[in-house]
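Fold and geometry: a report
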Amino acid sequence: MRNTFGVAVAALLISSASFAQKDELKTLKKLYGRDKLSDKDMTEYKSTVAKAESFLSSANEDDRTYINFYKSMAPILELQRKMTGDPAQNTAAIAQELTPAKINELAASLNSVLEYEKKTGKKVYTKDIEETVKSFSPLLLNYAIQLGSNKRGAEASSLLYSLYTLDKTNQDNLYYAASYAVNSNDYDTALKYYDELKALKYSGETTLYYAQNVASGKEESFPTKADRDRFVSLKTHSMPRDEKVPSKRGEIYKNIALILLQKNQVEEAKAAFVEAKQANPDDVSLMISEADLYVKLKDYDTYTKLVNQILQKNPKDAVLVYNLGVISLEANQLAEAEKHLTRAIELDPKMGNAYLNLAAIKLKPDEALVKEMNALGTSAKENKRYDELKKQRTAMFQSAMPILEKAHEIEPANQDVIANLMSVYNFLEMTDKYKALKAKRQQ
């Protein structure tokens, strides 16, 4: 009898808890369904969530899913009450209400509801969740960018990954989550995200569409070519142009390889590029990144072999040839670098950075010359050597000057060009030109 009584009491307690739990869920559903919650509503919502949470251990899957949903949506409901027409105020409100940790919790909860409703076939909140994600994603993206700008890259990475899990059609968020992880030196997380991008065969390659607003004179972007062309046909916009965004596969595989190198997994790093090229045999960016890897490994024979393969594929691609010049310069292969940079300028005479790097090659011996000059004594023989070295420096600076002047003509605001050109003028005692450039720089 005692055992039977005990079971009956336990059943009664569970039943009572179940009824209470259903009451809390009804209240939460009613409050959640309102267009905007008052202060009183919000207080009731939060207290009801707290009560409902106490029943989680005994809740069934249905109730547990929706209790967690209502809990995770509390910051969103609070945020909706604070939204204004001022983007700055909205960003501040997001920072206050939605920490990266809360956004991660929100993403997990919303995905749980979507999966549960897909499984059960009853779409209670699926549409609402999709609309919420669509509405808040741009704001959260801006918040992630702000976190990154404030040197909080790890949080930005976490937030962007949460956005990706909420909308897996937007793989750009996963790419930028990986990039922020790299910038934060969280290489294990970055490798995880890059591996996912690799599995998705993500390239990021696209075309951007621009046209100039006739009224404002400012260039504006459009989501599609059709949208842009429609405005051009209406005469509200003119000067349409397309901008190709190149494939990011090379960068992704390069970063995978570099992370593996840091982990002393050299063979795995090499294999990453072999696998990448098998999957993407015509992606030149992969080949450039692979060449860069062998530069870092100081395997210049393999590097040279890869460079020749790349040039066979794209001998007239100015950007490609320029990149090869930069890699050669980093590898201290100066003759090779000069050849590629000179060729890049032939293909694109307006490539300012090619001139700057070409000048850097001309000025490369300066450090060694100065070191030798400073080590000389005052004997007749050493004075003669000093004069010889000074003539070499003069000739070297004179050879670099027209190259830097051309770079300055192309990119007058480039501070690296200005600094180098000022140094050349100063050494050659071209005082008027030096002062003029210095005055221009200070404006």
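Residues numbered from 1 in each chain as written. Predicted model: local features only at pLDDT ≥ 70, side-chain atom pairs only at ≥ 80, totals over all residues. Heavy atoms only, no water.

1. Observations concerning the overall build of the chain
Within the chain, the secondary structure is distributed over 21 helices and 3 strands. Computed over its C-alpha atoms, the radius of gyration of the chain comes to 31 Å, more than 25% above the 22 Å expected for a compact globule of 443 residues. Summarising its shape, the C-alpha atoms of the chain cover approximately 120 × 60 × 45 Å along the three principal directions. Counting contacts in the chain only where the partners sit at least 6 residues apart, residues at least 24 apart contribute 57% of the total. Element-wise, carbon and sulfur atoms account for 52% of the exposed surface of the chain, whose accessible area totals about 25,000 Å². For the chain, the distance from the average position of its 63 positive side-chain charges to the average position of its 61 negative side-chain charges is 1 Å. (Helix = DSSP H or I, 4+ residues; strand = E, 2+ residues; numbered from the N terminus. Rg over C-alpha atoms; globule rule 2.2 N^0.38 Å. Contact = heavy atoms within 4.5 Å. Areas by Shrake-Rupley, 256 points an atom, 1.4 Å probe, with all protein chains shown as cover. Lys, Arg positive; Asp, Glu negative; His and termini not counted. Charge placed at Lys NZ, Arg CZ, Asp CG, Glu CD.)

2. Let's talk about the side chain of Arg228
Its place among the elements puts Arg228 in helix α10 (residues 225–233). On the basis of relative accessible area, Arg228 is assigned to the buried category, the value being 3%. A distance of 2.8 Å separates the side chain of Arg228 from the side chain of Asp229, its partner in a polar contact. A distance of 3.0 Å separates the side chain of Arg228 from the backbone oxygen of Arg241, its partner in a polar contact. In this structure Arg228 touches Tyr209, Tyr210, Ala211, Phe222, Pro240, Arg241 and Asp242, once residues within four positions along its chain are discounted. (Buried < 20%, exposed > 50% of the residue type's maximum accessible area, 1.4 Å probe, protein only. Polar contact = N/O pair within 3.5 Å; in protein donor to acceptor, adjacent residues only side chain to side chain.)

3. Description of empty space enclosed by the protein
Within the structure shown, the criterion is met by 1 cavity of 30 Å³ or more. Around the largest cavity sit Ile76, Leu106, Leu110, Thr132, Val133, Phe136, Ser137, Leu140, Leu163 and Leu166, which together line it. When residues of the lining of the largest cavity are traced back to their parent elements, those giving at least two are α5 (100–120), α6 (126–149) and α7 (153–166). In terms of residues, the lining of the largest cavity owes the most to one element, α6, which gives 5 residues. Per-class residue counts for the lining of the largest cavity are 8 nonpolar, 2 polar and no charged. (1 Å grid on protein atoms, 1.4 Å probe; cavity = no way out; pocket = protein on both sides within 12 Å on 5 of 7 lines; lining within 4 Å. Points joined across faces, edges and corners; volume = space filled by probe spheres on them. Nonpolar A, V, L, I, M, F, W, Y, C, P; charged D, E, K, R; others polar.)

4. Quick word on the environment of Phe55
By the secondary structure assignment, Phe55 is in the loop between α2 (39–53) and α3 (61–82). The class of Phe55 is buried, set by a relative accessible area of 17%. Each C-alpha atom of the pair Phe55 and Leu341 lies 70 Å from the other, and the pair is 286 residues apart in sequence.

5. Regarding the packing of aromatic side chains
Per the counting criterion, the structure on display carries 14 aromatic pairs. Ring geometry for Tyr32 and Phe69: centres 5.4 Å apart, planes at 65°, overall edge-to-face. Residue Tyr32 is found in helix α1 (residues 2–32), and its partner Phe69 is found in helix α3; the two are separated by 37 residues along the sequence. What makes Phe69 buried here is its relative accessible area of 0%. With 5.9 Å between their ring centres and 50° between their planes, Tyr161 and Tyr164 make a pair best called tilted. Here Tyr161 and its partner Tyr164 are both found in helix α7, 3 residues apart, which amounts to about one turn of the helix. Members of the aromatic cluster, connected to one another through ring pairs, are Tyr32, Tyr66, Phe69, Tyr70, Tyr116 and Tyr125. Sitting above the plane of the Tyr210 ring, Arg241 keeps its charged end 4.4 Å from the centroid. Positioned over the ring face of Tyr175 is Lys248, at 5.3 Å from the centre of the ring. (Phe/Tyr/Trp six-rings, centres within 6.5 Å; stacked < 30°, edge-to-face > 60°. Lys NZ or Arg CZ within 6 Å of the ring centre and 35° of its normal.)

6. Observations concerning the packing of helix α15 (residues 318–330) against helix α16 (residues 334–347)
Running from amino to carboxyl end, α15 crosses α16 at an angle of 160°, the nearest separation of the two axes being 8 Å. Classified by the angle their axes make, α15 and α16 are roughly antiparallel. In this structure, α15 meets α16 at a crossing whose hand is left-handed. Residues Ala318, Val321, Tyr322, Leu324, Gly325, Ser328 and Leu329 of α15 pack against Leu334, Glu336, Ala337, His340, Leu341, Arg343, Ala344 and Leu347 of α16. For the contact of α15 with α16, the residue count by class is 10 nonpolar, 3 polar and 2 charged. (Axes fitted to C-alpha atoms, helices over the stretch in contact; angles between N-to-C directions. Parallel < 35°, antiparallel > 145°, perpendicular 65-115°, else oblique. Left-handed = near helix turned anticlockwise from the far one by under 90°.)

7. Digging into the layout of surface pockets
Each pocket or cavity is described by its volume, and for the largest pocket that value is around 440 Å³. Lining the largest pocket we find 16 residues, and of these Pro246, Ser247, Asp283, Val284 and Ser285 sit closest to its centre. Ranked by residues supplied to the lining of the largest pocket, first place goes to helix α13 (residues 284–296) with 4 residues. Grouping the amino acids of the lining of the largest pocket by side-chain chemistry returns 5 nonpolar, 5 polar and 6 charged.

8. Some remarks on the pattern of salt bridges
In this structure the tally under the stated criterion is 29 salt bridges. The partner of Glu338 in a salt bridge is Lys362, and the shortest N-O contact between them spans 3.1 Å. Here Lys362 lies in helix α17 (residues 352–363) and Glu338 lies in helix α16, a separation of 24 residues in the sequence. By relative accessible area, which is 28% here, Lys362 ends up partly exposed. With its nearest N and O atoms 2.6 Å apart, the salt bridge here joins Asp366 to Arg393. Note that Asp366 is positioned in helix α18 (residues 366–375) and Arg393 in helix α19 (residues 380–410), a separation of 27 residues in sequence. On the basis of relative accessible area, Asp366 is assigned to the buried category, the value being 15%. (Salt bridge = Lys/Arg side-chain N within 4 Å of Asp/Glu carboxyl O.)

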